[in-house]
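What follows is the residue order along each chain.
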Amino acid sequence: MDMAIEAQFHVLAVDDNLIDRKLIEKLLKTSSFQVTAVDSGSKALEFLGLQEEEQRNHHPQEMEVNLIITDYSMPGMTGYDLLRKIKESSSLKDIPVVIMSSENIPSRINRCLEEGAEDFFLKPVQLSDVSKLRPHLLRRKAEEEEEKPKRNIRKRKTIEESLTHMLMEDLDKFISIEDIFGELNYEFSHKRWKFGS
Amino acid sequence: MEVVQMQRRFVEYAASLFREGFLDGQFTQLQQLQDESNPDFVVEVVSLFFEDSEKLLNDLSRALDQQNVDFKRVDSHVHQLKGSSSSIGAQRVKNACIAFRNYCEEQNTDACLSCLQQVKQEYSLAKSKLETLFRLEQQILTAGGSIPIMME
């Protein structure tokens, strides 16, 4: 599959420390990610909200964020607060979030993982940590691609079942079931029916 | 001086910085991230660190000079400095910050002032040593040589 070569993942990095921001940006770029770096949780949400709007207006995929990596200790909105807000948002909750922290506090780590964080990196973040992300995102993308046809089959089944039900209710107007399907078959084969997308 | 001699001087100096604990493995990480697309990466990040640290040290002096010291604020500044020094591999500065934070917790102004002195000293040393290292590097480059890659 060409996916490994073509896949361009866009990461949103959040850190209030200037040096750390420059470092994480370099680590991500070295690992072939597209990066947007912001210095606060609120700026991150602003960017994500903006990105959401662009998608609604059918703008190209360049704005889509595939992963968020955020520092834990930030003034105002902490990385944990940001994580919660993202998981509470119906449009953003599926974006994986990774937390970074200079402090190795097990209860903090657990809290984040329980809230839905994908992973927890101890600072200073290493290239080996960041290089773990790409295979993870590729796997996710592959799983999503696999899900699509399954979803379509399920959808079709639901539609077929509803149609059958509707037809059965009008049964007294028709002579037999074969006739119903016979007529439908005629209708279906002579007209183009579109059932959603 | 020949390029080879310059290179040897550079390697020996760098090795001494690691040996004496001024720099740790994180600095090597930074060097390994530097490439053709970003040949000045290390100097850029370290320059940012100098700028940022000087501001933080000034803020710290001011904060500890107040009648009623806001220890939360002091701790927050030290946390920032600890983070950045750790990120560039300035080990002794980082360690001085760790000690500092303990006294912030105790809300001990005198001890904090003493820690601040310690941090300033370590920072000053780190800055001068890194500047020397960069100067040695530049000498090699100017003479047309290449910088020996440091393996951990």
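Residues numbered from 1 in each chain as written. Chains lettered and ligands numbered in written order. Predicted model: local features only at pLDDT ≥ 70, side-chain atom pairs only at ≥ 80, totals over all residues. Heavy atoms only, no water.

An unreviewed UniProt entry lists chain B under the name Histidine-containing phosphotransfer protein, with Vitis vinifera given as the organism. Taken from UniProt, the Function (unreviewed entry) comment for chain B reads in full: "Functions as a two-component phosphorelay mediators between cytokinin sensor histidine kinases and response regulators (B-type ARRs). Plays an important role in propagating cytokinin signal transduction." (UniProt positions renumbered as here; feature names shortened; annotations may be inferred.)

The name given to chain A in an unreviewed UniProt entry is Two-component response regulator ORR9, with the source organism recorded as Vitis vinifera. For the record of chain A, the UniProt heading Function (unreviewed entry) holds the text "Functions as a response regulator involved in His-to-Asp phosphorelay signal transduction system. Phosphorylation of the Asp residue in the receiver domain activates the ability of the protein to promote the transcription of target genes. Type-A response regulators seem to act as negative regulators of the cytokinin signaling."

### A word on the overall build of chain A
Helices and strands together make up the secondary structure of chain A, namely eight helices and five strands. Moving toward the C terminus, one meets the helices and strands of chain A in the order α-β-α-β-α-β-α-β-α-β-α-α-α. A sequence separation of at least 24 residues applies to 62% of the contacts in chain A between residues at least 6 apart. For chain A, the exposed area adds up to about 12200 Å²; of that, 52% sits on carbon and sulfur atoms. (Helix = DSSP H or I, 4+ residues; strand = E, 2+ residues; numbered from the N terminus. Contact = heavy atoms within 4.5 Å. Areas by Shrake-Rupley, 256 points an atom, 1.4 Å probe, with all protein chains shown as cover.)

### Side note on the interface of chain A and chain B
For interface size, the figure often reported is the accessible area lost on association. Between chain A and chain B, the residue contacts involve 16 residues of the former and 22 residues of the latter. At the boundary of chain A with chain B, total buried surface from both sides reaches about 1600 Å², with 58% on carbon and sulfur atoms. Where chain A packs against chain B, one counts three salt bridges. A salt bridge links Asp 35 of chain B to Lys 26 of chain A; the nearest nitrogen and oxygen atoms lie 3.7 Å apart. Our count for the contact surface shared by chain A and chain B stands at eight residue pairs in polar contact (both at pLDDT 80 or more). Looking at the side of chain A that touches chain B residue by residue, the class counts come to six nonpolar, five polar and five charged. (Buried area = accessible area lost by both parts, 1.4 Å probe. Salt bridge = Lys/Arg side-chain N within 4 Å of Asp/Glu carboxyl O. Polar contact = N/O pair within 3.5 Å; in protein donor to acceptor, adjacent residues only side chain to side chain. Nonpolar A, V, L, I, M, F, W, Y, C, P; charged D, E, K, R; others polar.)

### Points about the sheet that holds strand β5 (residues 119–122) of chain A
All names here are of chain A. The strand order β2-β1-β3-β4-β5 describes an open sheet built from five strands, whose pairing is parallel. With partners counted over all chains shown, the strands left at the sheet margins are β2 (34–38) and β5, one partner each. Ignoring strand direction, the axes of neighbouring strands in this sheet form an average angle of 20 degrees. Both strand β1 (residues 10–14) and β2 contribute to a ladder of five bridges, which runs parallel. Paired with Val 14 across the two strands is Val 38, which belongs to β2. Sitting on the sheet, helix α2 (residues 18–30) touches β1, β2, β3 (67–71) and β4 (97–101), and the angle it makes with β2 is about 170 degrees. Relative to β5, helix α5 (residues 106–114) is tilted by about 150 degrees, and along the sheet it contacts β4 and β5. (Pairing = 2+ DSSP bridges. Axes fitted to C-alpha atoms, helices over the stretch in contact; angles between N-to-C directions.)

### Concerning the UniProt feature "domain: HPt" (unreviewed entry) in chain B
The sites that UniProt annotates as "domain: HPt" (unreviewed entry) are residues 38–140 of chain B. Strand forms 0% of residues 38–140 of chain B and helix 87%; the C-alpha atoms that close the span are 18 Å apart.

### Looking at the confidence of the model for chain B
Residue and element names in this part refer to chain B. In the predicted model, chain B carries a mean pLDDT of 94, and 99% of its residues have values of at least 70. Of all the helices and strands in chain B, helix α5 (residues 91–106) carries the lowest mean pLDDT, 94, while helix α3 (residues 41–64) carries the highest, 97. Scored as a complex, the prediction yields pTM 0.80 and ipTM 0.91. (pLDDT = per-residue confidence, 0-100.)

### Describing the nonpolar core
By size, the foremost hydrophobic cluster in this structure holds 67 residues, and its most contacted members are Ile 24, Leu 28 and Ile 69 of chain A together with Val 74 and Phe 100 of chain B. Among the nonpolar cores identified, the runner-up in size contains 24 residues, and Val 38, Ala 44, Leu 82 and Leu 83 of chain A belong to it. (Core = buried A, V, L, I, M, F, W, Y, C linked by side-chain atoms within 4.5 Å. Buried < 20%, exposed > 50% of the residue type's maximum accessible area, 1.4 Å probe, protein only.)

### Brief notes about the packing of α2 of chain A against helix α4 (residues 71–88) of chain B
Running from amino to carboxyl end, α2 of chain A crosses α4 of chain B at an angle of 35 degrees, the nearest separation of the two axes being 8 Å. Here α2 of chain A runs over α4 of chain B; the crossing is left-handed. Taken together, the residues of α4 of chain B that come into contact with α2 of chain A (itself represented by Ile 19, Asp 20 and Leu 23 of chain A) are Gly 83, Ser 84, Ser 87 and Ile 88 of chain B. Here the residues of the contact of α2 of chain A with α4 of chain B sort into three nonpolar, three polar and one charged. (Left-handed = near helix turned anticlockwise from the far one by under 90°.)

### Details of unusual backbone geometry
All names here are of chain A. Here Lys 123 and Pro 124 are connected by a cis peptide whose omega angle stands at 0 degrees. With respect to the helices, strands and loops of the structure, Pro 124 is situated in the loop between β5 and α6 (127–130). Not every positive phi belongs to a glycine, and Ser 32 is a case in point at roughly 65 degrees.

### Structural notes on the pattern of salt bridges
Following the criterion strictly, the structure yields 23 salt bridges over all chains and no others. A single salt-bridge network, built from bridges that share partners, covers Asp 15, Asp 20, Asp 71 and Lys 123 of chain A.

### Some details on the environment of Tyr 103 of chain B
All names here are of chain B. Looking at the element boundaries, Tyr 103 is found in helix α5. On the basis of relative accessible area, Tyr 103 is assigned to the partly exposed category, the value being 32%. Put simply, Tyr 103 and Arg 62 are 41 residues apart on the chain and 17 Å apart in space, counted from C-alpha to C-alpha. Sequence-distant contacts of Tyr 103, that is, excluding residues within four places in its chain, are made with Asn 108, Ala 111, Cys 112 and Cys 115.

### Structural notes on the pairing of β4 of chain A
The two faces of a sheet get side chains in turn, since along a regular strand they alternate between them. All names here are of chain A. Most of β4 sits inside the fold, with five of its five residues counted as buried. Burial along β4 is two-sided: Val 97, Ile 99 and Ser 101 and Val 98 and Met 100, pointing in opposite directions, are all buried. Of the pairings in the sheet, the one linking β3 to β4 comprises four bridges and is parallel in character. For Thr 70, the partnering residue across the bridge sits in β4 and is Ile 99. The handedness of the β3 to β4 crossover, carried by helix α4 (residues 79–88), is right-handed. (Right-handed = clockwise from strand over helix to strand, strands pointing away.)

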